[in-house]
Every structure is written in C-alpha cells, then in structure tokens.
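Structural overview for review
Given next are the chains, with one letter for each unit.
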Amino acid sequence: MKIHKPVKLAPSILTADFGHLADQIAAADRGGADYIHLDVMDGCFVPNISFGPLLVKAVRNMTALPLDVHLMIDEPDRYLKEFADAGADIITVHAEATVHLHRTLQLITALGCKVGVAINPATSVEAIHEVLAVVDQVLVMTVNPGFGAQRFIETMTAKIRRMRRLMDELCPLGDLQVDGGIHVANIVDVVDSGANVIVVGSAVFNDKATPDVNLAQLRAQLHEDL
C-alpha cells in the first residue's frame with residue numbers, strides 16, 4: 001500500500017452521544033485520534049442544522065487535540081473569526097459556498113488557522129485548481145454533505161486519485177482529507193487512492209463499541225495491509 005504521508009484519523013462528533021460528549025472525545029483521544037472533526041451545518045448550504053461556535057468552544061475545553069472545523073455553510077466569511085476565536089485550528093470551507101474563494105482562504109490564514117477547501121461529490125477537482133497553492137488541506141466529500149452515517153459513493157475513489165495527482169503537482173505538502181461513509185471495510189481503498197486524513201463518524205461513535213476500540217480497529221486494518 002502506497003502512503004504519501006502518515007495517515008491521520010479525524011473522528012467526527014456528528015454521530016457522538018452529546019449527552020456524554022466529553023467522555024466520548026476523551027475516549028477518541030485515548031484511541032489515538034489525530035484531530036477532532038466538527039461538522040458545522042446551517043440548514044441552507046446543506047439540509048440540516050448542527051451547531052455553531054459555542055459548541056466548538058466547549059469542545060476546545062474538552063481536549064488538546066487539534067480542532068478540524070468543517071463549515072458547511074453559505075457565505076462562511078461572516079463567521080470565520082467566531083470559529084477561530086472559539087478554538088478552531090483548521091477551518092475548511094466549501095468551494096461551492098463562497099463567491100470569492102481565494103479571498104475567503106486569505107481571511108482564514110489571517111486569523112492564524114490552517115486553511116482547508118472542500119468539494120462536494122459532483123464538483124470537479126479542477127474547480128479548486130487555482131487555489132491549491134494557498135491551502136493546507138483539501139477535503140473531498142465522498143457523500144453528499146448534510147447527514148452522518150451515509151453510504152460511501154463508490155465512484156469517489158477515482159476522484160480521490162485525480163485530486164492526489166493534482167495536489168502532488170501543485171500542493172505537495174498539503175493533506176488530502178476524505179469524509180463520508182468510511183469504515184473498516186473500505187478505509188484501505190481510500191488510503192490507497194491517496195487520502196491521508198480520514199474523517200470517521202459512525203465508524204467511531206456508535207453503540208457497537210467504544211470510540212477507542214473502534215479507532216484501534218481502523219488503525220489495525222491499515223497496518224494489516226502494509
């Protein structure tokens with residue numbers, strides 16, 4: 001298995017038990033999570049509402065892990081400072097959600113956060129060609145955003161490969177993140193395709209096992225294929 005960079009796991013709290021969120025995050029930390037991924041939804045860009053800066057701030061007080069904040073919201077410029085002030089380490093915005101994408105990415109940099117840009121399943125990798133030089137992370141969505149526990153869109157593995165080739169040319173130090181429907185059975189294929197940051201939601205936060213056990217199983221699957 002070819003790995004361009006060390007694989008990082010970023011558990012998404014979208015499917016976590018919010019009644020015991022601190023315990024769930026602590027278990028993910030014990031299990032070797034590299035980031036905590038926070039999916040922010042506004043009910044406009046995506047057909048669901050999740051949470052805002054106050055929850056990000058609360059999570060910041062629960063863990064020292066980097067907070068990877070994924071803004072699935074229209075006109076994200078309006079809220080970038082609030083999320084940065086709340087403790088975001090990485091802020092990812094959607095190419096489809098802002099008219100002046102380059103300006104938005106510059107604003108994130110100015111706030112002292114790492115810069116991410118995301119694209120939906122139907123968006124071509126070429127849509128972000130011109131901004132790759134200024135990003136730290138590219139997020140390829142492998143489900144249509146808005147809800148957790150969706151099924152991975154199988155055609156996305158070819159898209160991940162295309163994105164990896166483009167990044168190797170224009171953004172070789174950048175991370176390629178993938179989000180949506182990833183679990184023990186397909187994580188190796190996703191990494192083989194070129195991703196090195198894997199967002200995992202229901203594969204980590206579920207009623208089958210604790211987050212630390214689930215993360216250990218995902219790591220084991222990767223190591224078994226080396």
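This text goes with the structure placed above it.
Being a predicted model, the structure only gives us computed values, none of them experimental. (Residues numbered from 1 in each chain as written. Predicted model: local features only at pLDDT ≥ 70, side-chain atom pairs only at ≥ 80, totals over all residues. Heavy atoms only, no water.)

Our focus in this paragraph is the overall build of the protein. Assigned secondary structure in the protein consists of seven helices and eight strands. Taken over the C-alpha trace, the protein has a radius of gyration of 16 Å; the compact-globule value for 226 residues is 17 Å, and the two agree within 12%. Along the three orthogonal principal directions, the C-alpha set of the protein runs to about 45 × 40 × 30 Å. Burial status across the protein gives 53% buried among its 226 residues. Taking the contacts inside the protein whose residues are at least 6 apart along the sequence as the reference set, 65% of them involve residues at least 24 apart. For the protein, the exposed area adds up to about 9900 Å²; of that, 52% sits on carbon and sulfur atoms. Treating the 18 positive side-chain charges of the protein as one cloud and the 28 negative ones as another, the clouds have centres 3 Å apart. (Helix = DSSP H or I, 4+ residues; strand = E, 2+ residues; numbered from the N terminus. Rg over C-alpha atoms; globule rule 2.2 N^0.38 Å. Buried < 20%, exposed > 50% of the residue type's maximum accessible area, 1.4 Å probe, protein only. Contact = heavy atoms within 4.5 Å. Areas by Shrake-Rupley, 256 points an atom, 1.4 Å probe, with all protein chains shown as cover. Lys, Arg positive; Asp, Glu negative; His and termini not counted. Charge placed at Lys NZ, Arg CZ, Asp CG, Glu CD.)

Before going further, it helps to spend a moment on the nonpolar core. Grouped together as the largest cluster of nonpolar side chains are 65 residues, with contacts concentrated most on Ile13, Leu38, Ile91, Ile128, Val138, Met163 and Ile198. It is helix 5 (residues 156-170) that provides the largest number of residues to this core, a total of five residues. Those residues in contact with Leu38, other than ones at most four positions away along the chain, are Ile13, Phe51, Leu55, Val56, Val59, Leu67, Asp68, Val69 and His70. (Core = buried A, V, L, I, M, F, W, Y, C linked by side-chain atoms within 4.5 Å.)

Tracing the chain through its elements places Ala122 in the loop between strand 5 (114-119) and strand 6 (137-141). In this structure the C-alpha to C-alpha distance between Ala122 and Thr63, which are 59 residues apart in sequence, comes to 34 Å.

Distances and angles like these do not, on their own, reveal function.
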